[in-house]
Amino acid sequence: MITRRAAAQLVATTAVTAALGAAAGTPARAANKVVKIGLDASLTGADAQSAIKVKDATQMAFDAANEGNAVPGYTFELVILDDGTATAGQYDPAQAATNARKMVSDKDVVGALGPQMSGAGKAMTPILSQGGLATITPSSTNPDITNPKFAAQYRPAGKPIYFRTVTTDAFQGPNMANFFAEKLNVKSVYILDDSGAFGVGVADTFQAQAEKKGMKVLGRDRLDPKAPDYTTILTKIKSLNPDALYFGGVSQAGVKVAKQSYDIMPKLIRGGPDGTYGSDFLAGGGFPAVEGWYSTIAAPHLIDDTKASQFVTAFKGQFGMGADDYSITAYDAALVMIDAVKRVAASGKPVTREAVQAALMTSKVPTLQGTISFDENGDLADRTVSVFQITKDASKPLDDSSAQYKYLAVAPQS
Amino acid sequence: MANGATTGTTTAPPAGTETGTITAPSLLTRSIAWIPEARRRQLGIGLLIVAALAFPYLIDSNDADVDSMANAAAYATLALGLNIVVGFAGLLDLGYAAFFAIGAYTYGILTAYQLQPAWNSFWDVFQFLGLASPVPADVGTGMVVHFTLSFWLALPLAAALASFFGVVFGLPTLRLRGDYLAIVTLGFGEITPIVVRNWSDLTNGAAGLNGVAAPQLFGWSFGVNSVPYYYVAIAMVAMLIFISIRLRDSRIGRAWMAIREDEIAAGAMGVDRTKFKLLAFAIGAAFAGMTGVFYVAKLQTATPEMFGFPVSVMILVMIVFGGIGSVWGVVLGAFILQLLQSWWLQDLTQWTHVLGRMVNSTILQKADFVQSIELIFGIILVVMMLFRRQGLIPAVRPQKALTFDQQHAEIRRGGFSDLKLQGLGGEVRTGAAALEIKGVTVRFGGLVALNNVDITVPTGSVVAVIGPNGSGKSTLFNAITALVEADEGSIRFHGEEMIGLPPHVILAKGIARTFQNLRLFPNLTVMDNALVSQHTRLKTGVLQAIFRPPSTRAEEKAAREWAMEVFSIFGNRLVPRTEQMVAGLSYANRRRIEIARALASRPRILLLDEPTAGMNPAETLELAEQIKSLNDLGLTVLLIEHKLDVVTRLADTVYVLDHGDVIASGKPDEVRKNEEVLRAYLGRNAQAAAAGAA
Amino acid sequence: MTYTDLLLQQTINGLSLGAMYSLLALGFTLVYGILELINFSHFNVFMIGSFVAMWTLQMFGLSGQDVILAGLPLAGVLLVAFVVTMGFCGGLGVVIERVTLRPLRNVKGPAAMITSIGVSYILFNIVLLTVGADSKNFPNPLPTIRYQIGGATLDFRVILIWVIALLLMGALYMFVQRSRLGRAMRATAQDQEAARMMGVEVDKVIMMAFFLGSALAGAGGMIFGLYYNFTSFIIGFTAGLRAFTAAVLGGIGNVPGAMVGGMLIGLIEAMGGQFIATAWTDVIIFSILVLVLVFKPSGLFGRVAPNKS
């Protein structure tokens, strides 16, 4: 059967050489060795939009690497696999597991990116671990997967293989709770989540830390991200008169929370995790509804932000849609992977899965979100959580996140 | 099919078979012509088994494709389960994924690090049984319980638990009809993932279960190797195909299909609808529960999103595509659709991209069929419904044409005297009442359909009820057979009160009826129609149906022989047609099947509702004589009839109903002359003319 | 906010949700009343209605969140958008009926319903694949006016929804009760064969039911957009399912029943969110559905559906 090599070559190299390469079954640049990197994303179903952005950003990074000959003697090839199915209507852990097997079965695949969803990650990691294949996820934040407590489950072969360019739920929630308590002097809070694994996880950890900090948690409820109307619960929240509202989740429900909560409680302190940071949140919520909203991102704020804004511009130019937060983390994940391969190649050793995994462990890569290195479990070593507040800057486009989110501070660690 | 050999001396083809070879193109048929027909099926299944066993070694050792096949097999087992509910019993279930979830979380919770009560001596016995082990607690110093339920034990346990929920979800829906049932099941299907998500102490909610154990076989863990999972899945498919076919071709399956075809008639023919609907829900759910265990063991995690409405719909699409009610069809449908999305469409996309690059077409290079999968499924649903509702492999197999001789109806006059019909009739005319109706009143809102009706049917006699349209005759039958509730009065059958008993019990007591407007089971064979009515006389339960012990085989054989005997009452009109679908038969023959079906239940009294309606004079006479012969055998008959000559010929006593009142009764000749009767029938003005004509 | 104010506010919330459910429920009830068909494609006719309305408004230059029209011109534009949306969706409903459902009209069993699920999937994915997965900002031409009733707030948009919904439902009720075609519709609902024999053009009546039901779904879609200022390919399912529940609750086939049923479901959703939790909204709604069907299968106001025996 024809491998997925074809798909990657399509964008990785020029059309002519790729056609020759695929037809002859040989690598595109005859002189170069081909390094295959797998990408698992939920390209079908409810998460398609964000998945496509992840895929595009990743491709951008590898295209640039190939064109700039970032790793002399090697050409990257992206093997794109879709874990969304019609059966599940969204990401499907079973398909993710199948995709993990596809990557592991292909001996030329030395590293992987993805998945987007922790549910998919939990199904993939046992297989990837047995296959010795390391992956970097741009968006899966469930702490269990890298938690040593579950090592027998998620890395049965021993070595950490699940790296992240995002922090886990274990930090954004608690640090924001600290920020609410210490900087904003919030005494009482109501917490909502959006039913998703990420949203529930962040809201849970926020809640635990908020209680520890002596904040009064007036209530906790869960939103159906597909429902249009949250006025009922927001009315209830209004009647409880909290100081603040914390929303754990991503922008699908987030924009509706922002909009409707502004209608009902325009003065309330509101905030959320990085799911509420991005141009789609700005565009969907709209001013004045999003004005004053606090968002965290799980990375230090870069004073010199030009690289990130250059990326955003380039992304928009190439794909015609705005980059979201996960496009950036996906791009960074690709950069980290490229760097690892580069270091292995430079050392003169063969580029194997084992070598790539070892190289990832010692990463220290400058990326859009700052310098990335990993701890002994594959989590980001830098657990800085930065807090932003949406403050309208009418001179810039209203959905430009670098202009409309104003950096405030590093959220206090707990 | 084992029951194929039991159809006696008829020329009918073996019953209960369903193969792809019959519908295949003639080229295929010709190329396998050298194989004896009876062997083809076994050969086909044998080849299939060999191919399934060899599959992992046939493809280029790609673990992922084996995994895709294992997933497809899991969907095939789900499709088989839903097929029992939707295909066999005709109960449209849109929330089937709920049972999948229940099975999955049963195993998941009992092997993952989720439920961790503190360890104490209570758990020692569980440790001894290998169901739990002590592990150090996360917080504090004590030990907590880690459940370690074996995969193999979990399969039956989850099946049982899912069955239980099948019954719980099924109970409130029993009174609901088709589409309402669909919407309530959809509701349960929506509720289940929400409960799973919100009950995070038990399920770890949206984050998904951690550390679900892989199955072990004699100490060897399946781990993440897809090959053993594949074999387990294939074994499950094989087992469930076997169970499905065995159930379908048994008393159980016939009862389900009778409910599907005509619920009211099924009840009147002795099928306990409540029990068998719940049984369908329970068995269908059990299949899903087992599949859930397998699926979650293979994935080693579970999230609520895996069990939403799209899953239920997709399983439904699979069985619609393959053929509702067709065992092999739904398996094929599941495999094709699942592999389409997880394997073939991905490859097709790759090939198209390569082609696009070769011909330098940007459109082809960008094409992505995987993303269009839902659209493709939608189109499949609509196109199949519009143009091929029976699916890829139809459940109803094509019928062989009758020979000229068989088509030639032999007119039998003078009833029958050569048949013994052992066990039918044999009642002696003692003069004692077989059926005693006293003061029965039935009201529909303000309308009084039966008003204080008294009718007595002496044992061994023929009693006719006549009356104009709307006089309450059919309501009387409905009241006797509990299809309508009598508001007042009593109906005693050989001294036992019938009011308050459900229809299937009344049949079991020995009261069988026919319907004026023909309520046969149109998509069942003539034979199956006559077997359904023997339902209460047979004992086969689920286990006997599956394992088919000698006693069950003997019972089935006897039931078929008895049915053939009953058919032979009508000469050669039904006998050559026993394996034909009722829907395709002539009106007069369907009337005869109604009677044969009722007789096959071995009634002590036969209630005939206008048995000769729509028959020509010759056929009417033929049938009247056959009824007479039945009575001569000692069968009590209560007859509704319009044709007065039939009544005169047959009846010992005639009751005349008008507007719900008995206005006259007596011997046929007396009643014919009764003025009130004539007025009721023909109106006051025509009375004189009618008197003259009579 | 006092307790009374809170209850009043939640009642307002519930009734504005309910108005939308009612409009959708009417479409279900019309079709079910005549064909005994749960028409799943209705869900996504509603969704497409919101897109058609959005595009129509955008053609008038209303694309952002700013109020650029007021008074009569605004009313005129809205009226045109309503007519276009309802016409388009009505037409879509008729096409769906003609192409996919009419050939199945006399087929027993779930064939027609399964087909409508298929049609629903097709509509859903056509929008997904062409328009994209992210939600779109719906033009917001309505001025923000709020009235205070004690501590409760009543938004002008809510009043507008109620007025439009009541007008449409009233018009439908009058049509069904008073007009010739409406009478034919009721006759067909009672007994299709008898109606045919009495000279009712059954095909035309069924087409009309689909047209009206789908047009109302389209209007519902536009109201949805105006009220929430966004639309997306996924809005059909949740709203559609609740609307169907509303139709069953009120007694399916029963036009006033669907209106009241919609309002009730809206109220249940609001009060359930207030007193239990929004996490359990669907569980509450479906539990009520099951209870109603078990104890009063004909719904609160009695079903008006064919009596097939």
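About the criteria used
- Residues numbered from 1 in each chain as written.
- Chains lettered and ligands numbered in written order.
- Predicted model: local features only at pLDDT ≥ 70, side-chain atom pairs only at ≥ 80, totals over all residues.
- Helix = DSSP H or I, 4+ residues; strand = E, 2+ residues; numbered from the N terminus.
- Buried ≥ 20, exposed ≤ 12 C-beta atoms within 10 Å, placed from the backbone.
- Contact = placed C-beta atoms within 7 Å.
- Rg over C-alpha atoms; globule rule 2.2 N^0.38 Å.
- Axes fitted to C-alpha atoms, helices over the stretch in contact; angles between N-to-C directions.
- Parallel < 35°, antiparallel > 145°, perpendicular 65-115°, else oblique.
- Left-handed = near helix turned anticlockwise from the far one by under 90°.
- Nonpolar A, V, L, I, M, F, W, Y, C, P; charged D, E, K, R; others polar.
- Pairing = 2+ DSSP bridges.
- pLDDT = per-residue confidence, 0-100.

Engineer: Even after reading the chapter, I still don't get the overall build of chain B, so can you show me in this structure?
Structural biologist: From N to C terminus, chain B includes 29 helices and 14 strands. Summarising its shape, the C-alpha atoms of chain B cover approximately 100 × 65 × 50 Å along the three principal directions. Looking at chain B as a whole, 53% of its 694 residues qualify as buried. Taking as baseline every contact in chain B between residues at least 6 positions apart, the subset at least 24 positions apart corresponds to 74%.

Engineer: Help me understand the overall build of chain C in this model?
Structural biologist: On a plain count of helices and strands, chain C comes out with 11 helices and 4 strands. For chain C, the C-alpha radius of gyration of 19 Å lies close to 19 Å, the compact-globule estimate for 309 residues. By its C-alpha atoms, chain C is 60 × 45 × 40 Å across when sized along the principal axes. Buried positions account for 58% of the 309 residues belonging to chain C. If you take every contact in chain C between residues at least 6 apart in sequence, the share linking residues at least 24 apart comes to 80%.

Engineer: Mind showing me how you'd approach the packing of helix 9 (residues 231–240) of chain A against helix 1 (residues 3–35) of chain C here?
Structural biologist: Helix-helix packing is characterised by the crossing angle of the two axes and by the distance between the axes. Running from amino to carboxyl end, helix 9 of chain A crosses helix 1 of chain C at an angle of 170°, the nearest separation of the two axes being 10 Å. Considering the angle they form, helix 9 of chain A stands roughly antiparallel to helix 1 of chain C. Classified by chirality, the crossing of helix 1 of chain C by helix 9 of chain A is right-handed. Where helix 9 of chain A approaches helix 1 of chain C, its residues Thr231, Thr232, Thr235 and Ser239 of chain A are matched on the opposing element by Leu6, Gln9, Gln10 and Asn13 of chain C. Taken together, the residues of the contact of helix 9 of chain A with helix 1 of chain C break down into 1 nonpolar, 7 polar and no charged.

Engineer: It is not clear to me how the sheet that holds strand 12 (residues 294–297) of chain A should be interpreted in this structure. Could you clarify?
Structural biologist: Note: strands within a sheet are paired through backbone hydrogen bonds, in either parallel or antiparallel orientation. All names here are of chain A. Ordered in space as 9-8-10-11-12-15-16, the 7 strands form an open sheet in which the pairing is mixed. In this open sheet, the two edge strands, each paired with only one partner strand, are strand 9 (216–222) and strand 16 (405–410). The mean inter-strand angle of the sheet, taken between neighbouring strand axes irrespective of direction, is 25°. In this structure, strand 8 (residues 188–193) lies alongside strand 10 (residues 244–248), joined through 5 bridges in parallel fashion. Within the sheet, the bridge partner assigned to Asp193 lies in strand 10 and is Gly248. Sitting on the sheet, helix 10 (residues 251–264) touches strand 8, strand 10 and strand 11 (269–272), and the angle it makes with strand 10 is about 165°.

Engineer: When you look at the interface of chain A and chain B in this model, what are you seeing that I'm missing?
Structural biologist: It is common to give the size of an interface as the accessible area lost on bringing the parts into contact. Across the boundary between the two partners, chain A contributes 48 residues, which contact 44 residues of chain B. Every element with two or more residues in the side of chain A that touches chain B is listed here: helix 1 (5–12), helix 2 (15–24), helix 4 (93–105), helix 5 (118–131) and helix 8 (197–212) of chain A. In terms of residue class, the side of chain A that touches chain B is built from 24 nonpolar, 16 polar and 8 charged.

Engineer: Looking at this model, I keep getting lost on the interface of chain C and chain A. Mind explaining?
Structural biologist: In this assembly, 28 residues from chain C lie in contact with 22 residues from chain A. With 5 residues, helix 1 of chain C is the single largest residue contributor to the side of chain C that touches chain A. Residue classes in the side of chain C that touches chain A are distributed as 13 nonpolar, 13 polar and 2 charged.

Engineer: For this particular structure, what's the right way to read the pairing of strand 13 (residues 653–658) of chain B?
Structural biologist: Side chains on a regular strand alternate between the two faces of the sheet. All names here are of chain B. Where strand 7 (residues 462–466) lies against strand 13, 4 bridges are found, and the strand directions are parallel. Bridge pairing in strand 13 links Val463 to Thr653. Hairpin geometry of strand 13 and strand 14 (residues 661–666) is characterised by an intervening segment of 2 residues between the two adjacent antiparallel strands and by a positive phi of about 50° at His659.

Engineer: Is there a simple way to think about the confidence of the model for chain C in this case?
Structural biologist: Mean pLDDT over chain C stands at 87; residues scoring 70 or higher make up 96%. Confidence metrics for the complex model read pTM 0.89 and ipTM 0.89.

Engineer: What should I look at first to understand the confidence of the model for chain B in this one?
Structural biologist: Any region with low pLDDT has predicted coordinates that should not be read closely. Taken over all residues, the pLDDT of chain B has a mean of 86, while the share at 70 or more is 92%. Per-residue pLDDT stays below 50 along residues 1–24 of chain B; that stretch engages in 55 contacts with residues further than four places along the chain or on separate chains.

Engineer: Is there a simple way to explain the packing of helix 13 (residues 325–346) of chain A against helix 14 (residues 353–361) of chain A in this structure?
Structural biologist: All names here are of chain A. For the pair helix 13 and helix 14, interaxial distance at closest approach is 8 Å and the crossing angle is 115°. Between helix 13 and helix 14, the angle falls in the class roughly perpendicular. Helix-helix and strand crossings are classified by hand; for helix 13 and helix 14 the assignment is right-handed. Residues Ala340, Val341, Arg343 and Val344 of helix 13 touch helix 14, and the partners they reach there are Ala355, Val356, Ala359 and Leu360. Its residues assigned to classes, the contact of helix 13 with helix 14 shows 7 nonpolar, no polar and 1 charged.

Engineer: Teacher, can you tell me more about the sheet that holds strand 9 (residues 496–497) of chain B here?
Structural biologist: Residues and elements named next belong to chain B. Spatially, 4 strands are ordered 6-5-8-9 in an open sheet, and the strand pairing comes out antiparallel. At either margin of the open sheet sits one strand with a lone partner, and together these are strand 6 (447–458) and strand 9. Where strand 8 (residues 488–493) lies against strand 9, 2 bridges are found, and the strand directions are antiparallel. Residue pairing in the sheet places Phe493 in a bridge with Glu496 of strand 9. On top of the sheet, helix 19 (residues 473–480) reaches strand 5 (433–444), strand 6 and strand 8; it is set at about 70° to strand 6, its chief contact.

Engineer: Whenever I open this one, helix 9 of chain A confuses me. Can you help?
Structural biologist: A turn of α-helix holds 3.6 residues, and therefore any two residues three or four places apart point the same way. By the criterion of burial, helix 9 of chain A is predominantly enclosed, with 8 of the 10 residues buried. All of the buried residues along helix 9 of chain A are Thr231, Thr232, Ile233, Leu234, Thr235, Lys236, Ile237 and Lys238 of chain A. Packed against the buried residues of helix 9 of chain A are strand 8, strand 9, strand 10 and helix 10 of chain A together with helix 1 and helix 10 (255–275) of chain C. Within two residues after helix 9 of chain A, Asn241 of chain A carries a phi angle of roughly 55°, on the positive side.

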